[in-house]
Amino acid sequence: LSDMRSRQLMQVVTTQMSQAGLANLERASQASSIFVGGQGLEQRTAYKVSLSGDENGRQDLQLSIYCMKTGFTSYHTPETLASPLDYGEDGEDDDERIGGPVFCSPSSYLYQYATVLFSPSAAKPRDGSEPALLTCQVIDLLDEIVLEPVGPL
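Below is a summary of the structure that appears in this document. Note that the coordinates shown come from a computational prediction; the quantities given were computed from them, not determined experimentally. (Residues numbered from 1 in each chain as written. Predicted model: local features only at pLDDT ≥ 70, side-chain atom pairs only at ≥ 80, totals over all residues. Heavy atoms only, no water.)

Side note on the nonpolar core
- Ranked by size, the top nonpolar core spans twelve residues in total: Leu9, Val13, Leu22, Leu25, Leu61, Leu63, Ile65, Cys67, Ala114, Val116, Phe118 and Leu134.
- Top element by residues in this core is strand β3 (residues 59–70). It accounts for four residues.
- Each residue touching Cys67, except ones within four places of it in the same chain, is listed here: Leu25, Gln43, Arg44, Thr45, Leu110, Tyr111 and Gln112. (Core = buried A, V, L, I, M, F, W, Y, C linked by side-chain atoms within 4.5 Å. Buried < 20%, exposed > 50% of the residue type's maximum accessible area, 1.4 Å probe, protein only. Helix = DSSP H or I, 4+ residues; strand = E, 2+ residues; numbered from the N terminus. Contact = heavy atoms within 4.5 Å.)

Notes on the pairing of strand β6 (residues 109–120)
- The element β6 is extensively covered by neighbouring structure, given that ten of its twelve residues are classed as buried.
- Summarising the sheet, β3 and β6 pair through ten bridges and their orientation is antiparallel. By the bridge assignment for β6, Ser64 is matched with Thr115.
- Bridge analysis of β6 against strand β7 (residues 134–146) gives twelve bridges, and the strand direction is antiparallel. In the sheet register, Leu110 faces β7, and the bridge partner there is Ile145. (Pairing = 2+ DSSP bridges.)

All quantities given are derived from atomic positions and should not be read as evidence of function.
Structure follows, in structure tokens:
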């Protein structure tokens, strides 16, 4: 890679390895509508950077991002955060979940994983503008939500 492409690659990869990348992962997952909390909440994040190439000498960079939230004992959804006024003019609390968290077992978890491929771009845009130096493509995306009910006391 040229110095310019190396700098550009470093900039986009480190951006995805920052809080911005975690926010992108969160928005892309089903877990974005689950807001976890409670004593014992742990969030683990890991990254893996690897190179791949083809027979023509082209090299791509793959970034895998993993985030797992465990140990929480309660969560909210958009419905549990809604105001009772959002559910009718009379203010009746038709949904008993409104106004408080949903409790769950500490064995519950949220798992999010994505692999993003960064490739040098050789294509020239049809509109005559400057060519993009890198393309970015999500090649793998997985999320899993396990919300176990609280066991009997």
